[in-house]
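Listed below are the residues making up each chain.
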Amino acid sequence: MELAEVLRFIRTNTEWLYLVIYHNKLFFIDYWSFVHFFSGILLPVVLTNLKIKRVYSISTLILIAYEVVEISLIYFAFDVFKPETIKDQFTDIFIGMSGVTISSLMKRKLSFQNLNFRLNLYAVFSSLIVAFIWVGFYKYKYNVEALNTNGLNLWAFLWWCICLFLICQFHIRLKNKFQNEKLYYFSLYISYLIMLFTIEFIGYKILSIREIYHTDSTALLFNLIHGTFTLHLFYITSPFIIILFFESIKNLFEKFFYLNSSNQLNKQSVIFEIVEVTE
């Protein structure tokens, strides 16, 4: 694939992120703002896991450097991002720094909180990110106009957040109940399929809700789950995607909370023993 095609692909598939949600003379919020916010939260976490010092200062520099690179790409005529105003640039940095501040507060306040509380927080965080990426890039549009919103389809986003969160809850609460790991994943997958086909049956057969943006849609099974190959692939694999993402987030944050703190090694060993017992 040529560079021009790659840039065109990125530009086409990030178009929805530029939808303006709110703006005034000083402030500007679009869906990119959420990307910058979550990036700001994750940057100190990832840098801490890499055992890099001064994570908050470096996170700030990375956020600023990203905006510089973005401007440079436009200057050199790489048509990958839309041009932004200075107000947009400062807003992006401010929102990213808000995420960095949230990470700092979490490290101070959540390190010694109940583990179940943190696991639920990771489940919410993971579900929001995966649902945001999937729904935004698939570009859902329904035949019922009341269910459509520009940029990110909030109806689809809500349902995917709920679905992914429930999968995480199943994983958190029931994994340690199964002695056989294969039986556990089989039970999780069957439960997911029952939930998925029930929701699809109600939506498609009873309420006559159709996804109409993709004209090449086909049914996956039982004349249900109409969509492209990409949709079918995601629907089939989403339980494993969210569990993998949840486990990655959990491991990153647990290390973030306990690395570079007093009695580091003792605290680390204790927390991972607890996590393993919970699993």
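Conventions and cut-offs
- Residues numbered from 1 in each chain as written.
- Predicted model: local features only at pLDDT ≥ 70, side-chain atom pairs only at ≥ 80, totals over all residues.
- Heavy atoms only, no water.
- Patch = residues over 30% accessible without salt bridge, like charges linked within 9 Å, V, L, I, M, F, W, Y side chains within 5 Å.
- Areas by Shrake-Rupley, 256 points an atom, 1.4 Å probe, with all protein chains shown as cover.
- Salt bridge = Lys/Arg side-chain N within 4 Å of Asp/Glu carboxyl O.
- Helix = DSSP H or I, 4+ residues; strand = E, 2+ residues; numbered from the N terminus.
- Buried < 20%, exposed > 50% of the residue type's maximum accessible area, 1.4 Å probe, protein only.
- Disulfide = S-S within 2.5 Å.
- Core = buried A, V, L, I, M, F, W, Y, C linked by side-chain atoms within 4.5 Å.

**Student:** Is there a simple way to explain a nonpolar patch on the surface in this structure?
**Tutor:** Together, W155, L158, W159, I162, L166 and I199 give the surface a local cluster of nonpolar side chains, amounting to about 520 Å² of exposed area. With five residues, helix α6 (residues 154-174) is the largest single contributor of residues to the nonpolar patch. Take L166: it is sitting in helix α6. For L166, a relative accessible area of 41% corresponds to the partly exposed category.

**Student:** Would you mind going over unusual backbone geometry with me for this structure?
**Tutor:** Across residues other than glycine, the phi torsion is negative in most instances, and most of the peptide bonds are trans. Positioned with a positive phi, S208 is a non-glycine residue whose angle comes to about 55°. Of the residues examined, S208 reaches a relative accessible area of 35% and is grouped as partly exposed. One non-glycine residue with positive phi stands out, namely F222, at about 55°. Relative to the elements of secondary structure, F222 occurs in the loop between β3 (218-221) and β4 (224-227). A relative accessible area of 63% means that F222 is categorised as exposed.

**Student:** Explain the state of the cysteines to me, please; I cannot follow it from the model alone.
**Tutor:** Note: disulfide means a covalent bond formed between the sulfur atoms of two cysteine side chains. One pass over the structure, following the stated rule, counts zero disulfides. This cysteine, C163, is not joined by any disulfide, and C168 carries the nearest cysteine sulfur, 9.8 Å off. Residue C168 is classed as buried on the basis of its relative accessible area, which comes to 1%.

**Student:** Would you take a moment to explain the nonpolar core for this structure?
**Tutor:** One finds W134, Y140, W160, Y235 and F253 to be the most contacted residues of the largest nonpolar core, which totals 57 residues. Listed by contribution, the elements that provide at least two residues to this core are α2 (31-49), α4 (86-110), α5 (115-138), α6, α7 (181-206), β4 and α8 (229-258). Top element by residues in this core is α5. It accounts for 12 residues.

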